[in-house]
Amino acid sequence: MKGLPLVKIKNGEKHYLKLTQNQRVQHMFIMVTFILLVATGFPLKFHFYPWAKPMIEMFGGLHVTRFIHRVCGVIMVGQFFYHWYYLFKNMAINYIIPAKKTGTFSWGEFGRFVYYSPMCPRKKDAQDIAAFIKYALFISDDMPKHERFHWREKFDYWAVFWGIPVLGITGIFLWFPVWATSFLPGWAVNISYIAHSDEAMLAVSVIFIWHMYNAHVNYDKFPMSPLFLTGYMPEHLMKHEYYMEWARINRIVEKDPSRLLDLDKEKDAEMLTNQEKMELIREQIEFMKESTTGGKYNKGGSHHE
Amino acid sequence: MRIFFLFTIMAAGILFGTLSAHASSIVPDDENCMMCHKYPGLSRVSDEGYLRQFYVDSDRYAHSVHTKVKCTGCHVDIKEIPHKEAKIVDCSTECHITMGDSAKPFSHSKIVEELKGSIHNVDNEHVNARIAEDFPTCTDCHSNPTYRFITDDVRDVHDARTQDKIFQKCSVCHDQDASYKYYFNHVTHRIKNLSASEDVVKTCSKCHSRDDMAEKHKLKNAASTYLDTFHGKAVEFGMENAPTCIDCHVRDGQSVHKILSHKSPDSATYVENRYKSCEGEGCHANTTREFGLIRMHVVIDKDLYPVEFWVALAFTVLTLGVFFLLQGLMVLELIRIMFPNLSFRRKRNG
């Protein structure tokens with residue numbers, strides 16, 4: 001089997017691969033640091049609300065929240081740089097190196113490779129948005145047939161891609177204002193302050209409402225989608241929301257059945273058949289009988305003689 | 001009004017203050033003022049409608065910084081008992097005590113002079129609106145504080161030396177009722193910065209947080225803009241020694257009474273001096289002129305701070321735009337799924 005199984009069958013339902021383990025870990029890093037950054041940053045932004053002070057005190061005071069905020073900020077920016085590395089690595093191992101090795105590299109094809117990579121916004125997304133609006137406004141009954149990541153996910157992805165540099169750069173100016181003003185005018189720190197806090201507000205309103213709605217609170221995923229934990233999506237959701245991706249994976253699995261992992265079958269294989277069970281049980285009863293009635297296993301074994 | 005203020009402060013002090021020791025010397029009441037003022041209920045409603053307390057707790061007063069001053073030392077207009085309504089106390093009055101190092105009568109006139117030189121004087125050249133009644137006098141910021149001796153954090157006083165032990169040493173040579181206790185209190189009271197950061201901000205906020213005052217004097221709300229900075233938030237959330245108003249507005253080595261306009265070249269906040277104020281102990285190191293130009297009282301005002309205004313506007317438009325767009329799509333979708341087969345096309349076809 002090459003790579004992770006694309007489809008797992010468990011409890012009679014197919015589950016389709018959507019996030020690799022690496023992607024799940026990346027998401028986890030972003031998620032945890034984001035929550036901590038918000039929890040330590042928002043009491044400062046909304047210092048005039050009554051919940052602000054108890055929240056700071058819950059963490060143990062300003063010294064602690066400041067430390068947590070900075071550590072999480074550094075981890076999140078580190079994650080951003082790792083993601084760039086991850087993108088280039090994938091370009092190299094999935095197109096550039098194999099294409100060069102086989103002598104078939106062309107820039108045109110490389111462009112197409114990037115264009116059709118899962119997160120690249122392309123024409124299909126514009127069509128999907130148009131189709132969604134038609135659907136939402138009762139003009140048509142057909143929901144758009146999405147690929148691996150639909151336009152909402154791409155929007156979230158690129159929002160983070162823009163948000164982290166804005167928050168990271170302004171954040172480092174606020175952390176080291178003396179250094180920042182050694183090459184920038186004083187008002188740069190003032191606008192960093194505004195930008196940092198407003199961009200955070202934008203990120204929070206998008207993540208906590210829009211992203212949560214799409215990923216978990218949505219009518220067909222409520223109360224929680226297992227995707228961010230398992231990386232797999234059950235077939236009924238996959239077919240409903242990512243029809244193209246569902247069809248694409250099915251095609252691969254049809255061609256190469258080794259990409260399918262049937263956990264139910266494996267479980268069945270590990271379990272004893274009824275006949276095997278009965279054989280085992282009868283044999284054991286036989287053994288117990290022999291040993292208590294002084295049979296062949298008991299001879300010469302006793303100290304009482 | 002101000003007498004009322006002074007007395008409320010004294011009354012508040014009576015209620016909330018703490019005493020670290022009992023000084024044995026209660027000021028003798030030669031003038032017999034306590035004949036009436038010892039009664040806690042002594043009060044009346046003033047012409048302006050305020051309830052004015054005239055009660056004086058003599059034990060409390062004995063521990064205050066003015067304990068050596070007789071009542072008529074400040075209330076100079078009172079010559080007889082019973083007296084008429086007393087005039088507002090003038091702190092530059094020469095009172096009946098003499099200074100320890102010379103035989104000169106003591107007075108706060110030096111401080112009053114400093115205040116006259118500051119922006120808090122109505123005649124200062126940089127004052128925008130000359131409304132005399134809005135300008136502070138001594139009692140707008142100061143109460144009659146009680147002496148406090150705090151062994152915590154006073155690094156050079158040995159932990160074991162409590163006030164009583166120190167007094168024991170003094171009493172070897174000095175008479176029991178001698179003034180060493182007074183001078184001990186006088187000095188130790190000043191060793192530590194007793195005003196917590198919040199109190200300083202509160203004092204200045206009495207006037208500088210009022211929008212009506214700011215408008216009258218063509219200023220901005222200095223307190224609310226300060227509270228929006230990290231400095232203000234640090235004070236608000238109880239960070240010790242967080243920078244307050246006077247940390248930036250008072251020049252190093254000068255009296256807090258001499259706060260100047262940022263337009264006067266001697267001021268701590270003058271554009272060329274400003275960064276030096278940031279270099280205080282435990283504050284920012286190696287600051288540059290540009291660092292001093294980071295604005296600490298930002299108001300979102302198109303004419304005053306255009307860059308901040310446009311950045312804030314851009315982010316507000318972006319945030320609200322994104323938020324309402326996505327919310328709209330969400331609501332549309334949620335409505336749509338309630339009626340899965342209700343499109344216009346179907347109606348036309350069917």
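Residues numbered from 1 in each chain as written. Chains lettered and ligands numbered in written order. Predicted model: local features only at pLDDT ≥ 70, side-chain atom pairs only at ≥ 80, totals over all residues.

*Asks:* When you look at the overall build of chain A in this model, what are you seeing that I'm missing?
*Replies:* When helices and strands are tallied, chain A shows 13 helices and four strands. Taken against the 2.2 N^0.38 rule, which gives 19 Å for 305 residues, the C-alpha radius of gyration of chain A at 29 Å runs more than 25% over that of a compact globule. Expressed as a percentage of its 305 residues, the buried residues of chain A come to 23%. The contacts in chain A between residues at least 6 apart in sequence include a share of 64% that link residues at least 24 apart. (Helix = DSSP H or I, 4+ residues; strand = E, 2+ residues; numbered from the N terminus. Rg over C-alpha atoms; globule rule 2.2 N^0.38 Å. Buried ≥ 20, exposed ≤ 12 C-beta atoms within 10 Å, placed from the backbone. Contact = placed C-beta atoms within 7 Å.)

*Asks:* For this particular structure, what's the right way to read helix α3 (residues 62-101) of chain A?
*Replies:* In an α-helix, one turn spans 3.6 residues, which is why side chains three or four residues apart end up on the same side. Spanning 40 residues, α3 of chain A covers 56 Å between terminal C-alpha atoms, matching the ideal 58 Å at 1.5 Å per step. The sharpest bend along α3 of chain A reaches about 45 degrees and sits at Ala92 of chain A. The complete set of buried residues in α3 of chain A reads Leu62, Thr65, His69, Cys72, Gly73 and Met76 of chain A. In the core, the buried residues of α3 of chain A are packed alongside α1 (21-45), α2 (52-59) and α6 (151-175) of chain A together with α12 (230-236) of chain B. One or two residues past the end of α3 of chain A sits Gly103 of chain A, with phi positive at roughly 70 degrees. (Expected span 1.5 Å × (residues − 1). Bend = angle between axes of the 7 residues up to and from the residue.)

*Asks:* Can you walk me through the interface of chain B and chain A in this structure?
*Replies:* Often the size quoted for an interface is simply the accessible area lost on bringing the parts together. On the chain A side, the residues contacting the 36 residues of chain B number 32 residues. Going through the elements one at a time, α12, α15 (289-292), α16 (306-336) and α17 (344-349) of chain B are the ones with two or more residues in the side of chain B that touches chain A. The biggest single contributor to the side of chain B that touches chain A is α16 of chain B, with 14 residues. Split into classes, the residues belonging to the side of chain B that touches chain A amount to 20 nonpolar, seven polar and nine charged. (Nonpolar A, V, L, I, M, F, W, Y, C, P; charged D, E, K, R; others polar.)

*Asks:* What am I meant to see in the confidence of the model for chain B here?
*Replies:* Where the model shows low pLDDT, its predicted coordinates should not be examined in detail. All names here are of chain B. When the pLDDT values of chain B are averaged, the result is 81; 83% of them are 70 or greater. Within chain B, the lowest mean pLDDT, 52, falls on helix α1 (residues 2-16), and the highest, 94, falls on α16. Counting interchain partners and residues more than four positions distant, the pLDDT-below-50 stretch residues 13-25 has 20 contacts. Listed scores for the predicted complex are pTM 0.81 and ipTM 0.82. (pLDDT = per-residue confidence, 0-100.)

*Asks:* For this particular structure, what's the right way to read the domain arrangement of chain B?
*Replies:* Residue and element names in this part refer to chain B. Segmentation of chain B into domains returns domain 1 (2-191), domain 2 (197-292) and domain 3 (306-349). The interface of domain 1 with domain 2 comprises 16 residues on the first partner and 16 residues on the second. Listed by contribution, the elements that provide at least two residues to the side of domain 1 that touches domain 2 are α5 (109-117) and α6 (138-141). Considering only residue class, the side of domain 1 that touches domain 2 consists of seven nonpolar, six polar and three charged. (Domains from an automatic or database assignment.)

*Asks:* Please clarify how unusual backbone geometry should be interpreted in this entry.
*Replies:* Among all residues save glycine, negative phi is the norm, and among peptide bonds the norm is trans. Going from Phe222 of chain A to Pro223 of chain A, the amide bond is cis rather than trans, its omega being 0 degrees. Here Pro223 of chain A shows up in the loop between α8 (187-217) and α9 (227-230). With an omega of -5 degrees, the peptide bond between Ile81 of chain B and Pro82 of chain B qualifies as cis. When you line up the elements, Pro82 of chain B lands in the loop between α4 (71-74) and α5.

*Asks:* Honestly, the sheet that holds strand β4 (residues 260-262) of chain A in this entry has me stumped. Any pointers?
*Replies:* Working definition: the strands of a sheet are paired by backbone hydrogen bonds and lie parallel or antiparallel to each other. Residues and elements named next belong to chain A. Within the open sheet, the four strands sit side by side as β3-β2-β1-β4. Their pairing is mixed. Both outer strands of the open sheet, β3 (232-234) and β4, are each paired with one neighbouring strand and no more. Geometrically, the sheet is characterised by an average inter-axis angle of 25 degrees between neighbouring strands, direction not taken into account. Here strand β1 (residues 7-10) pairs with β4 via three bridges, running parallel. (Pairing = 2+ DSSP bridges. Axes fitted to C-alpha atoms, helices over the stretch in contact; angles between N-to-C directions.)

*Asks:* Mind showing me how you'd approach the pairing of strand β2 (residues 13-17) of chain A here?
*Replies:* In summary, the side chains of a regular strand alternate between the two faces of the sheet. Residues and elements named next belong to chain A. Within β2, four of the five residues are buried, leaving the element largely enclosed by the surrounding structure. The turn joining β1 and β2, which pair antiparallel and follow one another in sequence, is formed by two residues; a positive phi near 50 degrees is taken by Asn11. In this structure, β2 lies alongside β3, joined through three bridges in antiparallel fashion. Residue Leu17 lies in a different strand from β3, and its bridge partner there is Tyr232.

*Asks:* Just to check I follow, could you spell out the nonpolar core for this structure?
*Replies:* Generally speaking, soluble globular proteins have nonpolar side chains that are buried together. Membership of the largest hydrophobic core comes to 14 residues, with the highest contact counts inside it found for Leu37, Met76, Ile164, Ala203, Val206 and Ile207 of chain A. Looking at this core, the elements that each hand over two or more residues are α1, α3, α6 and α8 of chain A. In terms of residues, this core owes the most to one element, α8 of chain A, which gives seven residues. Formed by 12 residues, the second largest nonpolar core is a distinct cluster that contains Ala180 and Ile194 of chain A together with Tyr275 and Val311 of chain B. (Core = buried A, V, L, I, M, F, W, Y, C linked by C-beta atoms within 7 Å.)

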